[in-house]
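So the chains spell out like this:
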Amino acid sequence: MKITRTLATSTSPDGERITLHEHDGHYFLKVAGLQLMSTTASSSEEKMAELSCVNLPPKPRVLIGGLGFGFTLKRVLALTGADAVVDVAELLPEIVGWNREFMHEVNGKLLDDPRVKIHVDDVYNVIDRCGNDRYHAILLDVDNGPDPFVQNVNERLYAKPGIVRIKNALQPGGRVIFWSAHPDKSFAKSLEGLFKNVECIGAKAYPKAKRFTHTLFVADRD
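Model, not experiment: these values are computed from the prediction. (Residues numbered from 1 in each chain as written. Predicted model: local features only at pLDDT ≥ 70, side-chain atom pairs only at ≥ 80, totals over all residues. Heavy atoms only, no water.)

**A word on the overall build of the chain**
So, point 1. For the chain, the helix and strand inventory stands at 6 helices and 11 strands.
So, point 2. Relative to the globule expectation of 17 Å for 222 residues, the C-alpha radius of gyration of the chain, 17 Å, shows essentially globular dimensions.
So, point 3. Taken along its principal axes, the extent of the C-alpha atoms in the chain is 55 × 40 × 35 Å.
So, point 4. Within the chain, the proportion of its 222 residues that are buried is 52%.
So, point 5. Sequence-distant contacts, at least 24 apart, represent 67% of the contacts inside the chain between residues at least 6 apart.
So, point 6. For the chain, the exposed area adds up to about 10800 Å²; of that, 49% sits on carbon and sulfur atoms.
So, point 7. Of the charged side chains in the chain, 28 are positive and 28 negative; the average position of the first set lies 5 Å away from that of the second. (Helix = DSSP H or I, 4+ residues; strand = E, 2+ residues; numbered from the N terminus. Rg over C-alpha atoms; globule rule 2.2 N^0.38 Å. Buried < 20%, exposed > 50% of the residue type's maximum accessible area, 1.4 Å probe, protein only. Contact = heavy atoms within 4.5 Å. Areas by Shrake-Rupley, 256 points an atom, 1.4 Å probe, with all protein chains shown as cover. Lys, Arg positive; Asp, Glu negative; His and termini not counted. Charge placed at Lys NZ, Arg CZ, Asp CG, Glu CD.)

**Considering the sheet that holds strand β3 (residues 26-31)**
So, point 1. Pairing within the open sheet is antiparallel, and its 4 strands lie in the order β1-β2-β3-β4. On the outer flanks of this sheet lie β1 (4-11) and β4 (34-38), each paired with one strand and no other. Each neighbouring strand pair of the sheet contributes to a mean axis angle of 25 degrees, computed without reference to strand direction.
So, point 2. Across 4 bridges, the pairing between β3 and β4 is antiparallel. By the bridge assignment, phenylalanine 28 is partnered in β4 with serine 38.
So, point 3. Along the sheet, helix α3 (residues 93-101) makes contact with β1, β2 (17-23) and β3, crossing β1 at roughly 150 degrees. (Pairing = 2+ DSSP bridges. Axes fitted to C-alpha atoms, helices over the stretch in contact; angles between N-to-C directions.)

**Structural notes on helix α1 (residues 43-52)**
So, point 1. The element α1 is largely enclosed, with a buried count of 7 among its 10 residues.
So, point 2. Looking only at α1, the buried set comprises Ser43, Ser44, Glu45, Met48, Ala49, Leu51 and Ser52.
So, point 3. Those residues of α1 hidden inside the fold are in contact with α2 (71-79), β8 (135-140), β9 (170-180), β10 (197-203) and β11 (214-220).

**Considerations on the nonpolar core**
So, point 1. In terms of nonpolar packing, the biggest core is built from 38 residues, with Ile64, Leu73, Val76, Val86, Leu139 and Leu216 touching the most fellow members.
So, point 2. Non-local contacts of leucine 73, meaning those with residues more than four positions away in its chain, are made with Ile64, Leu67, Val86, Val88, Leu110, Leu111 and Val116.
So, point 3. By size, the runner-up hydrophobic cluster in this structure holds 27 residues, among which are Leu140, Ile163, Ala169 and Phe195. (Core = buried A, V, L, I, M, F, W, Y, C linked by side-chain atoms within 4.5 Å.)

**A closer look at the packing of aromatic side chains**
So, point 1. Using the criterion set out here, one finds 4 aromatic pairs in the structure.
So, point 2. A ring pair is formed by tyrosine 158 and phenylalanine 178, whose centres lie 5.8 Å apart and whose planes are at 50 degrees; its orientation type is tilted. Highlighted residues: tyrosine 158 in the loop between β8 and α5 (160-168) and phenylalanine 178 in strand β9, separated in sequence by 20 residues. Across the pair, phenylalanine 178 and tyrosine 158 agree in class, each one buried.
So, point 3. Each ring, one from phenylalanine 187 and one from phenylalanine 217, has its centre 5.0 Å from the other, and the planes form 90 degrees; the classification is edge-to-face. Remark: phenylalanine 217 occurs in strand β11 and phenylalanine 187 occurs in helix α6 (residues 185-192); sequence separation between them is 30 residues.
So, point 4. Residue phenylalanine 187 is classed as buried on the basis of its relative accessible area, which comes to 4%.
So, point 5. Exposure remark for phenylalanine 217: the relative accessible area of 1% places this residue in the buried category.
So, point 6. In textbook terms, an aromatic cluster arises when at least three aromatic residues are bridged by ring pairs, as seen for Tyr158, Phe178, Phe187 and Phe217. (Phe/Tyr/Trp six-rings, centres within 6.5 Å; stacked < 30°, edge-to-face > 60°.)

So far we have only geometry, and geometry alone does not tell us how the molecule works.
The structure is reproduced here in structure tokens:
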């Protein structure tokens, strides 16, 4: 019987225990004992990347909020050219370090792609600092979506002032996509009040899944 190995442990900003595990060649991240992500279920992250890269201009600027296990980053890099600029904001330095140390052959090596710049910071701060260097696409796979799981302060991304900041960080015609573990009609309505086009798209956790267990909120700026 193959055992599950605990590779590393840390603590979230809210004091919860974060652990990285490996079992039979797959990796799992848990927060307070509850699974947050795994390498066995990346389809929704890849779908988010695909939706974000529709109609990107030459030399696009893309911001990814939340590195995770790098599946969103991998797909964005595959769909953009050599002249793309891809900023990745990851709050927890441990996640960046674990990708490099334990998952280099999964997606960790992508952190050294010349198109990529890693910001060990809250994506909220990166958005606030962008100034005139606005993005053509912003992908936010932060925490659990509008219902935070790792850090309660992440709620500010999904409140109206945070949504306005995100909109202002987009180029005209730019697109933001929010990943969420659950549907949220109230959040969708908040987006509809600020963006030209808003869609709520179901996403599967893995290709052969029978249900769409996650939601992607897609919003386009005018």
